Amino acid sequence: MRLGLDTDGGGGMAREYTFGKRTYLIREDALDGYCDLPGEPPEIWVDPRLRGRAALEAWVHEALHCIHPRWSEGRVDRAAKALSGFLWLIGYRRRK
Ligand SMILES: [Zn+2]
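So, here is what we can say about the structure in this document. (Residues numbered from 1 in each chain as written. Predicted model: local features only at pLDDT ≥ 70, side-chain atom pairs only at ≥ 80, totals over all residues.)

**With respect to the nonpolar core**
Phase 1: Core analysis: the biggest nonpolar cluster contains 12 residues, these being Tyr 24, Cys 35, Ile 44, Trp 45, Val 46, Leu 56, Ala 58, Val 60, Ala 63, Leu 64, Val 76 and Ala 80.
Phase 2: A total of five residues in this core trace back to one element, the largest contributor, which is helix H1 (residues 52-67).
Phase 3: With residues up to four places along the chain from it excluded, the contact list for Ile 44 reads Tyr 24, Ile 26, Cys 35, Glu 62, Ala 63 and Cys 66. (Core = buried A, V, L, I, M, F, W, Y, C linked by C-beta atoms within 7 Å. Buried ≥ 20, exposed ≤ 12 C-beta atoms within 10 Å, placed from the backbone. Helix = DSSP H or I, 4+ residues; strand = E, 2+ residues; numbered from the N terminus. Contact = placed C-beta atoms within 7 Å.)

Listed below in structure tokens is the structure:
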């Protein structure tokens, strides 16, 4: 994952990340969570009002959609809950 420059594509400030083999715009907006894979560049949106473990789970969930675009919603949901729960348990928290 590589942190890129901030951009403003019209929906507020976004950060650019590269992971896997694609570059994504990472944006916080009032959507619970969204992964726009057909977009160019693809975008990940997460609701900035989410806090704590719910926010971590939303970011992991949307990233998994990008990494595994063929996974079902249920599979992504189960993996995101497990992985974010593990990360939370070992102490990962968001810095603000
Ligand atoms: Zn989903």
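After presenting the structure, the write-up continues.
**Quick word on H1**
Phase 1: When the terminal C-alpha atoms of H1 are compared, their 23 Å separation across 16 residues agrees well with the 22 Å that a helix rising 1.5 Å per residue should span.
Phase 2: Of the positions making up H1, those classed as buried are Leu 56, Glu 57, Ala 58, Val 60, His 61, Glu 62, Ala 63 and Leu 64.
Phase 3: Of the surrounding secondary structure, the elements contacted by the buried residues of H1 are strand E5 (33-36), strand E6 (43-46) and helix H2 (73-89). (Expected span 1.5 Å × (residues − 1).)

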